[in-house]
Amino acid sequence: MRLNGKRAVIIGAAGEGNLGQVVARQFAAEGATVMVAGRHEEPLAAIAGEIGGHHALADICDEAQLAALGQAAVDKMGGVDIAVNATGWGLLTPFLDTTRAELERITALQFIGPYQFFQAMLRVMNDGGSIVQVSSATAKIMMEDHAAYMGTKAGIDHVVRCIANEFGARGIRANSVAPGFTASPMTERAARNPAVVGAFAKEYPLGRVGTLEDTAEAITWLCTDGCFITGEVLQVNGGVTLRRNPTNSEIVAAAKAAKAAREG
């Protein structure tokens, strides 16, 4: 019961089986009272009912809704000790093909939105709290056709460091976690292809790609009172940042070889 008595808000938990929901289940199992938030009522209500928590509708791109989320957490739980941003959009577009509309959308979702989410949470957070941003290994190492995603993740990581510096006097810790390739609803199509997964896995010193449970465990630990870390990006990715991601041509070649082998 490492989070016994803690009150947590997790935004980005409206997708069935996504990271936000996995974290919500683990937090509840560790004794926390959890409010899940996102844009879709039905899955939020379902996971809240399952874990005996609360839910609230909130679009991370809407400042007024984020403020209302903070107030809802106070009204329903009495305050906030933990805030986790598990939203994201895995935009894969070649650099020269990325449109202004895509740039504006991903900046709203992965930079402005998280910035204002953390503002809203810090306004109601108790001293000694914990903030966690879900980042990506690609905020540190390269992956082709992923520049807008990578850049916004790296940018908000630095904002998290600023939060750690400014709010440390209140005992509030702020960190990011950086998973690598993970089988999840966001990567469902690629994750169903063993050849693609294998192309990534061979670059991981620990010999496999990550799971949502790996990331959830790291987030949980960062939110425990025993954690004396702030302003860091925890690389929860089996050591892939010691190496690299496969190139597009390597992924395609692995998939073609696997297909040829299946066809005899």
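Residues numbered from 1 in each chain as written. Predicted model: local features only at pLDDT ≥ 70, side-chain atom pairs only at ≥ 80, totals over all residues. Heavy atoms only, no water.

**Digging into the state of the cysteines**
Applying the stated criterion across every chain yields a total of zero disulfides. Free of any disulfide, C227 has its nearest cysteine sulfur in C223, 8.2 Å distant. Residue C227 is classed as buried on the basis of its relative accessible area of 3%. (Disulfide = S-S within 2.5 Å. Buried < 20%, exposed > 50% of the residue type's maximum accessible area, 1.4 Å probe, protein only.)

**A word on unusual backbone geometry**
With phi around 65°, D145 is a residue other than glycine that occupies positive phi space. The topology assignment puts D145 in the loop between strand 5 (125–134) and helix 5 (147–167). (Helix = DSSP H or I, 4+ residues; strand = E, 2+ residues; numbered from the N terminus.)

**Considerations on helix 3 (residues 63–77)**
The terminal C-alpha atoms of helix 3 lie 21 Å apart, and with 15 residues this matches the ideal 21 Å at 1.5 Å per residue to within 8%. By the burial criterion, the buried members of helix 3 are L66, L69, G70, A72, A73 and M77. Around the axis of helix 3, the buried residues are gathered within 160° of arc, so they sit on the same side. Exposed side chains of helix 3 directed beyond 90 degrees from the buried face belong to A64 and D75. The opening residue of helix 3 is D62, an N-cap whose side-chain oxygen sits 3.0 Å from the backbone nitrogen of A64. The positive-phi residue at the C-terminal boundary of helix 3 is G78, with phi of around 90°. (Expected span 1.5 Å × (residues − 1). Arc of directions from axis to C-beta. Polar contact = N/O pair within 3.5 Å; in protein donor to acceptor, adjacent residues only side chain to side chain.)

**Focus: the pattern of salt bridges**
Side-chain pairs of opposite charge can arise whenever the charged atoms involved come near each other. For the structure on display, the rule yields 11 salt bridges. Put simply, E217 and R2 hold a salt bridge, and the shortest N to O gap is 3.1 Å. Within this pair, whereas E217 is found in helix 8 (residues 212–222), its partner R2 is found in the segment before strand 1 (7–11), the two being separated by 215 residues in sequence. R2 gets classed as partly exposed once you look at its relative accessible area, which sits at 33%. A salt bridge links R7 to D81, with the nearest nitrogen and oxygen atoms 3.0 Å apart. Placement of R7 in strand 1 and of D81 in strand 4 (residues 80–85) is noted, with a sequence separation of 74 residues between them. (Salt bridge = Lys/Arg side-chain N within 4 Å of Asp/Glu carboxyl O.)

**Quick notes on the pairing of strand 6 (residues 173–177)**
Summarising burial for strand 6: five of the five residues are buried, a large majority. Here strand 6 shows a buried face lined by R173, N175 and V177 and a second buried face lined by A174 and S176. Pairing geometry for strand 5 and strand 6, over five bridges, is parallel. Considered in strand 6, the bridge of Q133 is made with S176. Note on the crossover from strand 5 through helix 5 to strand 6: the handedness is right-handed. (Pairing = 2+ DSSP bridges. Right-handed = clockwise from strand over helix to strand, strands pointing away.)

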